[in-house]
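What follows is the residue order along each chain.
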Amino acid sequence: MQVNIMNEDTICAIATAHGMGAIAVIRISGSHAFPIVAQLFQQNGKAFDMDKMLSHKAYFGQIVDGDEMLDEVLVTFFKGPHSFTGEDSAEISVHGSIFIQQRLLQALIAKGCRMAEPGEFTRRAFVNRKFDLAQAEAIADLIASQNAAAHRVAMNQMKGGFSNELKTLRDKLLEITALMELELDFSEEDVEFADRSQLNFLLDQAIAHITRLTESFRLGNAIKNGIPVAIVGETNTGKSTLLNALLGEERAIVSDIAGTTRDTIEETLNIDGTLFRFIDTAGLRETDETIEKIGIERSYKKLSEADIVVGMLDATKEYGDMCEAARNILEKTDLTQQVLFLLMNKIDQKVTEQISTETLRQAQGAFNGQCDRLRYDLQIEIGRTEIMPISAKQGIGLEELRSKLSTCKSDFDANGTLVTNLRHYEALRNALESLKAVRQSLADNIPTDLVAQDLRIALHHLGTITGEVTTDEVLGTIFSRFCIGK
């Protein structure tokens, strides 16, 4: 059951970013939006003639509060239901002075508006059926998108891509439910309207569909928040130096003292339109130091959760030691789910003559043979593992690393429908469990009325995603995350 939270208040808020700028936009929405604006808006010293007002047209004039002109403005009117909120709405574009913005808000409130709550404009649009709840949440994701991939996913969801898939699913389940409930209506006549093989076929389709959506959450979450890249390795292999070099700033402390990094450090970097979330971890080694041990445990946890693992190896060490360190990282990486980069770092320290770009390039080429040897000794197949010689300190090999990371984004294709929202993911998982219970019940010849109940539960969970089934508390939680003015 959907709770109607609409009221008769007319709301206002600043829609542009807070602070001083060239212009600012104040939004007004509600049943009294037009009369309130009309009390403040004039053209050439005369009250604006609302009878001649046209929707979706901007009008130049002045905002006058009492005898004082606040600013020259553009006012655009949107006649409901053909507006964002579905209500009568107006947008006033003023000069970006903080003083003007605040004075205009005060004048609007004095005439009968109240300040909008976070996300209240979008919430009203949802209640007025301008779009469903999944699309409303996609608007927030679109505003927060920081890269091309996240933008594509949010746009797809805002245009109804995800909602359409859910509608297809619900239609399938409603068809099954209708057949079962029809059978229950005629239970005394011992009539079977629902052919069990057909029901199982429809169920298998629905289960496969939901399974694909739930499995897309890891990818969707990575695109939304950044593809997680764990930088791991023994102490003093150059993990923090690599992070700083990739970011172009001194984000992590670099020291020759082993165990400097004791906790994870996370920073995001946009590479060719895709957001990567790099995680610098504590060095892997045996230690009795309590705090460092906690950091190392977190390193292994981040390694297991990452989609890409960057394993740092010290090229100045003996080959056998370097091979053993690589084997330790390899054993803890799941190459069926993760991409692994093994980086032989510090090749600049192997150059005996004066360091130059040319000598470093030569050193890099010389280490390619060791990379091939390491691949052979560890029996690493070409595919999801790259082995590269680099110098994080001198920047050698980093452009190639960025390029190879960028090619990984093909594994994170954002063109299809992806689940990016934890609330949606949990609802889909709950629906999936209910459908699996239905399939098992059909196999066990459980009475139809009990099977139908599990189907209704699955429909309930899917309905919570789009807002067909929701509560005021849930809506309040969702829209409170929006900015004021949206």
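Before reading on, note that the structure itself is shown above.
The rules behind these values
- Residues numbered from 1 in each chain as written.
- Predicted model: local features only at pLDDT ≥ 70, side-chain atom pairs only at ≥ 80, totals over all residues.
- Heavy atoms only, no water.
- Buried < 20%, exposed > 50% of the residue type's maximum accessible area, 1.4 Å probe, protein only.
- Helix = DSSP H or I, 4+ residues; strand = E, 2+ residues; numbered from the N terminus.
- Arc of directions from axis to C-beta.
- Patch = residues over 30% accessible without salt bridge, like charges linked within 9 Å, V, L, I, M, F, W, Y side chains within 5 Å.
- Areas by Shrake-Rupley, 256 points an atom, 1.4 Å probe, with all protein chains shown as cover.
- Salt bridge = Lys/Arg side-chain N within 4 Å of Asp/Glu carboxyl O.
- 1 Å grid on protein atoms, 1.4 Å probe; cavity = no way out; pocket = protein on both sides within 12 Å on 5 of 7 lines; lining within 4 Å.
- Points joined across faces, edges and corners; volume = space filled by probe spheres on them.
- Nonpolar A, V, L, I, M, F, W, Y, C, P; charged D, E, K, R; others polar.
- Axes fitted to C-alpha atoms, helices over the stretch in contact; angles between N-to-C directions.
- Parallel < 35°, antiparallel > 145°, perpendicular 65-115°, else oblique.
- Left-handed = near helix turned anticlockwise from the far one by under 90°.
- Contact = heavy atoms within 4.5 Å.
- Phe/Tyr/Trp six-rings, centres within 6.5 Å; stacked < 30°, edge-to-face > 60°.
- Lys NZ or Arg CZ within 6 Å of the ring centre and 35° of its normal.
- Pairing = 2+ DSSP bridges.
- Core = buried A, V, L, I, M, F, W, Y, C linked by side-chain atoms within 4.5 Å.

Caption draft 1: Quick peek at helix α5 (residues 148–158). Every buried residue belonging to α5 is among A149, A150, V153, A154 and Q157, and all of these are buried. The buried residues of α5 occupy one face: seen down the axis, they fall within an arc of 130°.

Caption draft 2: Expanded view of a nonpolar patch on the surface. Among the surface-exposed residues, I109, M115 and I484 lie close enough to one another that they form a single nonpolar patch of about 230 Å² accessible area. Inspection of the secondary structure puts I109 in helix α2 (residues 98–110).

Caption draft 3: Geometry of empty space enclosed by the protein. Taken as a whole and assessed by the stated rule, the structure comprises two cavities of 30 Å³ or more. Estimates place the volume of the largest cavity at around 40 Å³. Lining the largest cavity are E234, T237, M312, L313, D314, K317, D321, M322 and A325. At the level of secondary structure, the elements contributing two or more residues to the lining of the largest cavity comprise β12 (308–314) and α11 (319–331). When grouped by side-chain class, the residues that make up the lining of the largest cavity number four nonpolar, one polar and four charged.

Caption draft 4: A look at the packing of helix α7 (residues 196–215) against helix α14 (residues 422–443). In contact at an axis separation of 10 Å, α7 and α14 are set at 155° when each is read in the N-to-C sense. Relative to α14, α7 is oriented roughly antiparallel. Here α7 and α14 pass one another in a crossing that is left-handed. Here R196, L199, N200, L203, D204, A206, I207, I210, T211, L213 and T214 of α7 come into contact with α14, specifically with Y425, L428, R429, A431, L432, L435, K436, V438, R439 and L442. The class makeup of the residues in the contact of α7 with α14 is 13 nonpolar, three polar and five charged.

Caption draft 5: Spotlight on the packing of aromatic side chains. Under the criterion given, the structure shown has 10 aromatic pairs. Look at F84 and F131: their rings are 5.8 Å apart centre to centre, the planes differ by 55°, and that puts the pair in the tilted class. Of this pair, F84 sits in the loop between β6 (68–78) and β7 (89–95) while F131 sits in the loop between α3 (120–127) and α4 (133–144), and the two are 47 residues apart along the sequence. Note on F131: relative accessible area 15%, which makes it buried. Through a chain of ring-to-ring contacts, three or more aromatic side chains come together here, namely F34, F41, F48, Y59 and F77. Between R27 and the ring centre of F121, over which it is positioned, the NZ or CZ distance is 4.7 Å. If you follow K486 out to its NZ or CZ, it ends over the ring of F84, 4.4 Å from the centre.

Caption draft 6: A look at the pairing of strand β5 (residues 57–65). Across two bridges, strand β3 (residues 41–43) lies against β5 in antiparallel orientation. If you follow F41 over to β5, its bridge partner there is I63. Sheet analysis places β5 next to β6, joined by nine bridges and oriented antiparallel. Looking across to β6, one finds that F60 is bridged to L74. Linking β5 back to β6 in an antiparallel pair, the connection comprises two residues, with G66 at a positive phi of about 70°.

Caption draft 7: The nonpolar core, seen in detail. Core analysis: the biggest nonpolar cluster contains 31 residues, and L173, L428 and L435 have the highest contact counts within it. For this core, the elements supplying multiple residues, two or more each, are α6 (161–185), α7, α14 and α15 (448–466). The contacts of L428, once residues within four sequence positions are left out, are F162, L166, I210, L213, T214, V419, L462 and I465. If you look at the next biggest cluster of nonpolar residues, it comprises 28 residues, including I14, L40, Y59 and I100.

Caption draft 8: Looking closely at the pairing of strand β11 (residues 274–280). Counting buried positions along β11 yields seven of seven residues, so the element is predominantly enclosed. Residues of β11 alternate between two faces, with T274, F276, F278 and D280 on one and L275, R277 and I279 on the opposite face, all of them buried. Note that strand β9 (residues 227–233) and β11 share five bridges and pair parallel. Within β11, the position partnered with P228 by the bridge is R277. For strand β10 (residues 265–271) and β11, the ladder comprises seven bridges, and the chain directions are antiparallel.

Caption draft 9: Quick peek at the environment of A13. Its location among the elements puts A13 in strand β1 (residues 11–14). Separated by 88 residues in sequence, A13 and Q101 place their C-alpha atoms 9.6 Å apart. A13 has contacts with V25, I26, R27, L105, M115, A116, F121, I484 and G485, leaving out every residue within four places of it along the chain.

Caption draft 10: Region of the structure containing the sheet that holds strand β8 (residues 114–115). The strand order across the open sheet formed by eight strands is β4-β3-β5-β6-β7-β2-β1-β8, and the pairing between neighbours is mixed. Looking at which strands have only one partner, the edges of the open sheet turn out to be β4 (46–47) and β8. Taken together, the five bridges between β6 and β7 define a ladder with antiparallel strand orientation. Counted as the bridge partner of F77 is A90 from β7. Of the strands in this sheet, β1, β2 (23–29), β5, β6, β7 and β8 are in contact with α2, which crosses β1 at around 175°. In the packing of α3 onto the sheet, the strands contacted are β1, β2 and β8, and the crossing angle to β1 comes to about 135°.

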